[in-house]
Amino acid sequence: MPQGRTHLAFELGTLPGWVAAGAALHVERAPLVFFTGAYVVASLFLSPDLDLTRSDPSRRWRRARFLWRPYALLFRHRGMSHSPLLGPLTRILYLAAVGAALGTVLHLTLGVPFPRSVPGESVLPVLAGLYLPHLLHVFLDRTFSLGKRAPLPRG
Ligand SMILES: [Zn+2]
């Protein structure tokens, strides 16, 4: 199984290629910026390996790493958190729930206003930026675990 650093190097190392491909396909600048930002954030802070209580991505959250402890308890390592389709969704929904709880506390105690809305044109590039590093992570995990599985029982 690849180390966290290997995942990060692979994900961030391929980013210039993805951005160049987007530019070659005449994707406009704003969606490329949204994509790149989401991709970097996802690579650094929203790795599927947040399903481990101790991992490089959880350490990157520093003092806020406790926020991901329930996630690690909820999701078995390399289970749904590593599902190609559902994995990023679990972290997006988890983070939204944590953000909503934190926002509610800040609103009720300090009067901090709730955010109004998300710019609609950013949704697809941000989703692409969140999903692509996840898919690369899962690809690496599955590639390196091939041949390391327990042998099938005889008979
Ligand atoms: Zn993994």
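Quick notes on the rules
Residues numbered from 1 in each chain as written. Predicted model: local features only at pLDDT ≥ 70, side-chain atom pairs only at ≥ 80, totals over all residues. Heavy atoms only, no water. Donors = N, O, S within 2.8 Å, 3.2 Å for Na, K, Ca; no water. Tetrahedral: all angles 85-135°; square planar, octahedral: opposite > 155°, others 65-115°. Buried < 20%, exposed > 50% of the residue type's maximum accessible area, 1.4 Å probe, protein only. Salt bridge = Lys/Arg side-chain N within 4 Å of Asp/Glu carboxyl O. Helix = DSSP H or I, 4+ residues; strand = E, 2+ residues; numbered from the N terminus. Phe/Tyr/Trp six-rings, centres within 6.5 Å; stacked < 30°, edge-to-face > 60°. Axes fitted to C-alpha atoms, helices over the stretch in contact; angles between N-to-C directions. Parallel < 35°, antiparallel > 145°, perpendicular 65-115°, else oblique. Left-handed = near helix turned anticlockwise from the far one by under 90°. Contact = heavy atoms within 4.5 Å. Nonpolar A, V, L, I, M, F, W, Y, C, P; charged D, E, K, R; others polar. Core = buried A, V, L, I, M, F, W, Y, C linked by side-chain atoms within 4.5 Å. Lys, Arg positive; Asp, Glu negative; His and termini not counted.

The subject of this paragraph is the coordination of the zinc ion. Taken together, the protein ligands of the zinc ion are D49 (OD), H82 (NE2), H137 (NE2) and D141 (OD), with distances of 2.1 to 2.3 Å. Note that the zinc ion binds four donor atoms; their angles at the metal cover 86 to 171°, and the shape is irregular. Classification of H82 by relative accessible area gives buried; the value is 5%.

It is worth spelling out the pattern of salt bridges at this point. As enumerated under the stated definition, the model contains two salt bridges in all. Here D56 ties to R59 by a salt bridge, and the two come within 3.1 Å at their closest N and O atoms. One end of the pair is D56 and the other is R59, both in helix α3 (residues 56-60) and three residues apart, which spans about a single turn. The partly exposed category is assigned to D56, whose relative accessible area is 23%.

What follows covers the packing of aromatic side chains. Taken as a whole and assessed by the stated rule, the structure comprises seven aromatic pairs. With a centroid separation of 5.5 Å and an interplanar angle of 50°, the aromatic rings of F35 and Y39 are classed as tilted. Taken together, the residues span about one helical turn, with F35 and Y39 both in helix α2 (residues 29-45) at a distance of four residues. As far as the burial class goes, F35 and Y39 line up, both buried. Where F45 meets W61, the ring centres are 5.8 Å apart and the plane angle is 80°; that geometry is what we call edge-to-face. Of the two residues, F45 is situated in helix α2 and W61 in the loop between α3 and α4 (69-74); the sequence distance between them amounts to 16 residues. These aromatic residues form a ring-pair network of at least three members: F45, W61, W68, Y71, F75 and Y94.

A word on the environment of L132. Relative to the helices and strands, L132 is located in helix α6 (residues 123-145). Distance in space between the C-alpha atoms of L132 and L15 is 9.6 Å, their sequence separation being 117 residues.

The next thing to look at is the packing of helix α5 (residues 86-110) against α6. Axis separation between α5 and α6 bottoms out at 9 Å; the angle between their running directions is 125°. Classified by the interaxial angle, the pair formed by α5 and α6 is oblique. Crossing hand, α5 versus α6: right-handed. Along its contact with α5, which presents G87, P88, L89, R91 and I92, the element α6 presents L127, L130, Y131 and H134. Residue composition of the contact of α5 with α6, by class: six nonpolar, two polar and one charged.

This part is about the nonpolar core. By size, the foremost hydrophobic cluster in this structure holds nine residues: A38, A42, L46, L50, W68, Y71, F75, Y94 and L130. Sequence-distant contacts of L46, defined by excluding residues within four places in its chain, comprise V41, W61, W68, R91, L95 and L130. Membership of the second largest hydrophobic core comes to five residues, among which are F35, Y39, L132 and L136.

What follows is about the side chain of E11. Topologically, E11 is positioned in helix α1 (residues 4-24). Buried within the structure, E11 lacks any salt-bridge partner; its nearest side chain of opposite charge belongs to R60, at an N-O separation of 7.3 Å. Excluding residues that lie within four positions of it along the chain, E11 makes contacts with Y39, S43, P133, L136 and H137.

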